[in-house]
Amino acid sequence: MVFRVRATLMEEDRAGWRRLASQRKRTARRKYRRTVRSWLGNKLYGVGSTASGVLMLYAVISGGMKAGWGVVALVLTVIGPWTFLTAGRRPVWGTFSPPGRDFPPSVMLDGPVKAAFFRDGCFVFWDVSEKVRRSYSSIAAVWEDEGRFYLLFQDRPPLVLPKRGVVQGTPEDFRDFFERKLGRPVERIK
């Protein structure tokens, strides 16, 4: 089956893209902060365990604690540096945003949308100045909200496909088609 999409992007499509892009950035920032807090907690736990183990060993050697506590002190002294070292380096922000420097891209193509999706492993869309033919492997992600599909690429701005513009086929069939072609589900955004 061939799917065709023809529509003119309206202000509601641009607003939907801006809302989606800011939501994705907020989610990535929250995940990054949570990961940094976890990393910092592991580092502090390692330092605290080592310090506690060393103090306990000192207390056992000086006679302030029973010798049985020496085992616990040794375990803490070994686990502390191990935890500190396995925590690794501070997480890097770039790993929390998907491919590309500006992802999701803040820029969206302007003008009418014309695209055709074929079964043979390629699709065509008409940019402002040219006709572009691509394979489905060039799509980094496909997102869907209540009124649009967003095709995200690593090397170009996203292609926004309004559901109202699906001329041939239905939006549900179009979603299933993408899931089969890409081998992963289309991410539905609220």
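None of these values were measured; they are calculated from a predicted model.

Asker: Got a sec to walk through empty space enclosed by the protein? Specific residues and values, please.
Answerer: On inspection of all chains with the given rule, the structure shows two cavities of 30 Å³ or more. Computed from the structure, the second largest cavity encloses a volume of approximately 50 Å³. The wall of the second largest cavity is formed by Gly16, Arg19, Leu20, Gln23, Asp145, Glu146, Ile189 and Lys190.

Asker: Give a detailed account of the sheet that holds strand S1 (residues 3-8), specifying residues and quantitative values.
Answerer: With antiparallel pairing, five strands are arranged side by side in an open sheet as S4-S3-S2-S1-S8. The two strands at the open ends of the sheet, each matched to only one other strand, are strand S4 (131-135) and strand S8 (166-168). Across the sheet, the mean angle from the axis of one strand to that of its neighbour is 20°, orientation sign disregarded. In this fold helix H3 (residues 171-182) packs onto S1, strand S2 (112-117) and S8, with an angle of close to 120° to the strand it touches most, S1.

Asker: Talk me through the nonpolar core; I want residue IDs and the actual numbers.
Answerer: The biggest cluster of nonpolar side chains holds 32 residues, and the ones touching the most others in it are Phe117, Ile139, Leu151, Leu161, Phe174 and Phe178. Of all elements in the fold, only S1, helix H1 (11-62), S2, strand S3 (122-126), strand S5 (139-144), strand S6 (148-153), strand S7 (159-162) and H3 reach the threshold of two or more residues within this core. Leaving out residues up to four positions away in the same chain, leucine 151 has contacts with Phe117, Ile139, Ala141, Val142, Pro158, Leu159, Leu161 and Phe178.

Asker: Any details on H1? Residues and values, ideally.
Answerer: For H1, with 52 residues, the first-to-last C-alpha span of 76 Å sits near the 76 Å given by 1.5 Å per residue. One or two positions beyond H1, positive phi appears at glycine 63, with a value near 95°.

Asker: Explain the sheet that holds S5 to me, and be specific about the residues and the numbers.
Answerer: Pairing within the open sheet is mixed, and its four strands lie in the order S7-S6-S5-S9. What marks the edges here is a single partner per strand, and that holds for S7 and strand S9 (187-188). Relative to S6, S5 is paired through five bridges, and the arrangement is antiparallel. Paired with alanine 141 across the bridge in S6 is leucine 152. The sheet contacts of H1 involve S5, S6, S7 and S9, and relative to S6 the element is tilted by about 55°. Here H3 sits on the sheet in contact with S5, S6, S7 and S9, set at roughly 150° to S5.

The rules we used
- Residues numbered from 1 in each chain as written.
- Predicted model: local features only at pLDDT ≥ 70, side-chain atom pairs only at ≥ 80, totals over all residues.
- Heavy atoms only, no water.
- 1 Å grid on protein atoms, 1.4 Å probe; cavity = no way out; pocket = protein on both sides within 12 Å on 5 of 7 lines; lining within 4 Å.
- Points joined across faces, edges and corners; volume = space filled by probe spheres on them.
- Pairing = 2+ DSSP bridges.
- Helix = DSSP H or I, 4+ residues; strand = E, 2+ residues; numbered from the N terminus.
- Axes fitted to C-alpha atoms, helices over the stretch in contact; angles between N-to-C directions.
- Contact = heavy atoms within 4.5 Å.
- Core = buried A, V, L, I, M, F, W, Y, C linked by side-chain atoms within 4.5 Å.
- Buried < 20%, exposed > 50% of the residue type's maximum accessible area, 1.4 Å probe, protein only.
- Expected span 1.5 Å × (residues − 1).

Bear in mind that shape data such as this cannot, by itself, settle questions of function.
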